[in-house]
Each structure stands twice: as C-alpha cells, then as structure tokens.
Amino acid sequence: MTQQKLSRLQQSILQMALAGHASGAQGRFADLYSGEAILALYVGGRVSYDKHAVKQPQRQYGGMTPDEYRSAQAAISRAFRRLEERGLVRRVNYIGGSGVILTDEGQQVAKRLT
C-alpha cells in the first residue's frame, strides 16, 4: 500500500491512531475515537493520551455548528470505512460513538507516514 493512495484525512487518522495505540492507555476501546479525530482535525484541538484515562471523549461541538459537526462526523466515518476496506483498521462501535483499532498492516503504514 503506497501513501499516495491515502487521502490526507486517512493519513492523519492513521497517524493519530498510531499515537493512541503507542500510548498504552488503559480502558480505551479503540486506538482512535471519532470524537478525537473531529476535535483534532476540524476544531484544532489537541488529543492527549492519558495512560490512566478511562472515559471516551465527550461530544462537544468546539465552536462548530451542529450541521458542521455532523458533516465532520460523516467525513470521519467514511474515512474509517475506507481504511477498514483496505485492511488498515478495524472499526469498533461503543455506546455513544465509534473508533478504529489499527491492524498490523495499518501500524506499518502509519509508521512509514511519520
């Protein structure tokens, strides 16, 4: 899999998921949650991986209108699906959201991106 076939959004998701995976944070169901991706990529917030964090990110619009937030959610969801179709992540759903877990191939691709 070459990097050129991945969109900027997909590359960013893989890099953030790798950081989440490497953090070893306990209590996380995913390497990257959709809410974290929206915060970092659309609101300009910073995702911090606390090794002792158990809670998933809360839904906050961060200055976005509800329509902008839903649009960002849809873009993230499509990117998650396309990465899963390529075998780079496994999507997971939990009460209140979704996320991704990097596959072995996804980890290798993400490491090459950094």
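Calculation criteria
Residues numbered from 1 in each chain as written. Predicted model: local features only at pLDDT ≥ 70, side-chain atom pairs only at ≥ 80, totals over all residues. Heavy atoms only, no water. Pairing = 2+ DSSP bridges. Helix = DSSP H or I, 4+ residues; strand = E, 2+ residues; numbered from the N terminus. Phe/Tyr/Trp six-rings, centres within 6.5 Å; stacked < 30°, edge-to-face > 60°. Buried < 20%, exposed > 50% of the residue type's maximum accessible area, 1.4 Å probe, protein only. Core = buried A, V, L, I, M, F, W, Y, C linked by side-chain atoms within 4.5 Å. Patch = residues over 30% accessible without salt bridge, like charges linked within 9 Å, V, L, I, M, F, W, Y side chains within 5 Å. Areas by Shrake-Rupley, 256 points an atom, 1.4 Å probe, with all protein chains shown as cover. Salt bridge = Lys/Arg side-chain N within 4 Å of Asp/Glu carboxyl O.

> Quick question: what am I supposed to make of the pairing of strand β2 (residues 89-94) here?
The side chains of a regular strand alternate, first on one face of the sheet and then on the other. Across 6 bridges, β2 lies against strand β3 (residues 97-102) in antiparallel orientation. Directly across from R90, in β3, lies its bridge partner I101. Counting the residues in the hairpin turn of β2 and β3 gives 2 residues, including G96, whose phi is positive at 100°.

> How should the packing of aromatic side chains be read in this particular structure?
In this description, an aromatic ring pair is defined by two values, namely the gap between the centres and the angle between the planes. Tallying each qualifying case throughout the model produces 2 aromatic pairs. Judged by centre distance (6.5 Å) and plane angle (20°), the rings of F29 and Y94 are stacked. Residue F29 is found in the loop between α1 (8-23) and β1 (32-33), and its partner Y94 is found in strand β2; the two are separated by 65 residues along the sequence. Taking the relative accessible area as the measure of exposure, F29 reaches 52% and is therefore exposed. Where Y33 meets Y94, the ring centres are 5.1 Å apart and the plane angle is 75°; that geometry is what we call edge-to-face. Of this pair, Y33 sits in strand β1 while Y94 sits in strand β2, and the two are 61 residues apart along the sequence. Three or more aromatic residues joined by ring pairs form one cluster here, namely F29, Y33 and Y94.

> Just checking my understanding: could you explain the nonpolar core for this structure?
If you look at the biggest cluster of nonpolar residues, it comprises 23 residues, and the most contacted ones within it are I13, L14, L32 and L83. Secondary-structure elements contributing two or more residues to this core are α1, α2 (34-43), α3 (66-85), β3 and α4 (104-113). For this core, the element with the highest residue contribution is α3, accounting for 6 residues.

> How do you make sense of a nonpolar patch on the surface when you look at a structure like this?
A cluster of nonpolar side chains, namely L39, L41, Y42 and V43, defines an oily patch on the protein surface of about 290 Å² accessible area. Mapping Y42 onto the fold places it in helix α2.

By themselves, these are just geometric observations and shouldn't be taken as functional.
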